Each structure stands twice: as C-alpha cells, then as structure tokens.
Amino acid sequence: MFRPPQPTSMHLNLAPMVDVLMCLIIFFLLAAKLVSAEHAPLSLPWAVAAREVAVRELGERVTINVRVAAERRGAVEYVVVDWDGRQIIERVLPPSELEGLLRARAAAAAAQNKELRCVIRADQYVQYRHIETVLRACGLAKIAHVVFGVNKGAEPPAGD
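Caption draft 1: Spatial organisation of the nonpolar core. One finds Ile64, Val66, Leu102, Cys118, Val134 and Ile143 to be the most contacted residues of the largest nonpolar core, which totals 23 residues. The set of elements that each furnish at least two residues to this core consists of strand E2 (61-68), strand E3 (76-83), helix H3 (95-111), strand E5 (117-122) and helix H4 (128-140). Residue contributions to this core peak at five residues, all from H3. In this structure Ile143 touches Leu102, Ala106, Leu116, Arg117, Cys118 and Cys138, once residues within four positions along its chain are discounted.

Caption draft 2: Quick look at the pattern of salt bridges. Across all of its chains, the model carries five salt bridges by this definition. Ionic pairing is found between Glu77 and Arg67, a salt bridge with its closest N-O pair at 2.8 Å. A residue pair is termed long-range when its members are at least 10 positions apart, and Glu77 in strand E3 and Arg67 in strand E2 qualify at 10 residues. Classification of Glu77 as buried rests on a relative accessible area of 8%. Arg136 is the partner of Glu132 in a salt bridge, and the nearest nitrogen-oxygen pair spans 2.9 Å. Placement of the pair is Glu132 and Arg136 together in helix H4, with a separation of four residues, close to one helical turn. Salt bridges sharing partners connect three or more residues here, namely Arg67, Glu77 and Glu90.

Caption draft 3: Focus on unusual backbone geometry. In this structure, Asn113 is a non-glycine residue whose phi angle is positive, near 60°. Note on Asn113: relative accessible area 74%, which makes it exposed. Phi is positive for Lys142, close to 60°, though the residue is something other than glycine. Its location among the elements puts Lys142 in the loop between H4 and strand E6 (145-149). Overall, the relative accessible area of 74% leaves Lys142 in the exposed class.

Caption draft 4: Local environment of the packing of H3 against H4. Remark: H3 packs on H4, axes separated minimally by 8 Å, with the N-to-C direction vectors making an angle of 35°. Crossing angle aside, the handedness with which H3 passes H4 is right-handed. When H3 is examined against H4, the residues Pro95, Leu98, Glu99, Leu102 and Arg103 are found in contact with a partner set consisting of Thr133, Val134, Ala137, Cys138 and Leu140. Looking at the contact of H3 with H4 residue by residue, the class counts come to seven nonpolar, one polar and two charged.

Caption draft 5: How the structure looks around the side chain of Asp123. Looking at where Asp123 falls in the secondary structure, it is placed in the loop between E5 and H4. No salt bridge is formed by the buried Asp123; the nearest opposite charge belongs to Arg67, separated by 8.4 Å. At 2.9 Å, the side chain of Asp123 forms a polar contact with the backbone nitrogen of Tyr125. Apart from residues lying up to four places away in sequence, Asp123 is in contact with Leu42, Ser43, Val66 and Arg67.

Caption draft 6: Region of interest: the packing of aromatic side chains. Applying the stated rule across the entire model yields one aromatic pair. Arranged with centres 5.1 Å apart and planes meeting at 70°, the rings of Phe27 and Phe28 form a pair that is edge-to-face. Since its relative accessible area comes to 53%, Phe28 is described here as exposed.

So, how was this worked out
Numbers given for residues are sequential positions, taken from 1 along each chain in its written order. Two thresholds apply to this predicted model, a pLDDT of at least 70 for residue-level local features and 80 or more for giving and counting side-chain atom pairs, whereas whole-chain, interface and lining totals are computed over all residues. Side-chain numbers come from the whole structure's heavy atoms, not from hydrogens or water. Side-chain atoms within 4.5 Å are what join buried Ala, Val, Leu, Ile, Met, Phe, Trp, Tyr and Cys residues into a set we call a nonpolar core. Relative accessibility thresholds used throughout: buried, under 20% of the residue-type maximum; exposed, over 50%; partly exposed, between the two (1.4 Å probe, protein chains only). Strands here mean DSSP runs of E at least two residues long; helices mean DSSP runs of H or I at least four residues long; both are numbered from the N terminus. Should any heavy atoms of two residues lie within 4.5 Å, those residues are considered in contact. By convention in these notes, a salt bridge is any Lys or Arg side-chain nitrogen within 4 Å of a carboxyl oxygen on Asp or Glu. For helices, the fitted axis covers only the stretch in contact; all axes are lines through C-alpha atoms, and the angles between them, taken along N-to-C directions, range from 0 to 180 degrees. Definitions for this section: a left-handed crossing has its near helix turned counterclockwise from the far helix by less than a right angle. A right-handed crossing has that turn clockwise. Polar here means any residue other than Ala, Val, Leu, Ile, Met, Phe, Trp, Tyr, Cys and Pro, which are nonpolar, and Asp, Glu, Lys and Arg, which are charged; Gly is therefore polar. Positive residues here are Lys and Arg, negative ones are Asp and Glu, while His and the chain termini are left out of the count. Any pair of nitrogen or oxygen atoms within 3.5 Å is treated as a polar contact; in protein, a donor-acceptor pairing is required on top of that, and neighbouring residues in sequence qualify only through side-chain atoms on both sides. Stacked, tilted and edge-to-face are the three classes applied to pairs of Phe, Tyr and Trp rings, where Trp contributes its six-membered ring and a pair requires centres within 6.5 Å; stacked means planes under 30 degrees apart, edge-to-face means over 60, and tilted covers the rest.

As structure tokens, then:
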C-alpha cells in the first residue's frame, strides 16, 4: 500500500541575508564618508563658463584640496583624502611630495588599464602659484586630465 510522504518542517535561514545586508550597510557608510571627506567645505571660486562633469566621467581619480592653513597665517595646505585599508585619512602633503603621490597613483591606475584624473579643488583665496604647483606635479606624473572644482554661475552679490 502506498503511504503519503511525512510532512517535513521547513524553515528559512536568514543569517546569510543579514550578513550580506550588514556588509552592504558598512560599504555604503564608508563610501559616503569618503565622498564627503573628499568634498570638504571650501570657498570655491565662481565660473560662468564651467561645464559640469558627471562623477562617472571622472573614473579613477585623485582629489587634491588646496586650502589656506588654519594654524599658520598665509600658508597653504595640499590635502588628499585616502583609504589606508582600515580608515579614511586626510593627508596634508608638502608640495615636494605631490609629484610622488601622483606618479604612484598614475602607475596604479595604469596597471589596471585605467586613466587617472586629477580633481583640483582650490579655495578662492589661494594664490595661483599654489595651484600651479599641483598642475606641474600632474604634468610630471603624466596626468593629462585635470578637472577644477568650482561653483557654477555668476558670483552672488556680497549681501547673500
């Protein structure tokens, strides 16, 4: 005689899904922190003829913030935001180390068949000679694509 199969208990194991979800949350938290650190508040200059560049067009990039040093009057800081494998760090580089950093980053990008772009975000009160230092380092590192971070449009009136 034929017997019907015994009912089996089924349960859904949610542990792998929770693990993946936690990894995604951590990834997006770190990515958001890196992007916000890369776009530190600066008083960017205004440019009427600026062309907006989509983030996906930038691809492999290094962002250098050129800002007036807070603790030393008249001094300028070259700031690069990096991921050291454990945490996001903000490195303040002397002008002499810019070329070495850019050469290393360009070589790493070339090893992956990618082209490195340099994004220069300079405070509007920084003299051009400090921006020229970054441009020279880009040239010596053979980085052909340089993008400047600016505010698009005409400068608002002083009262706003």
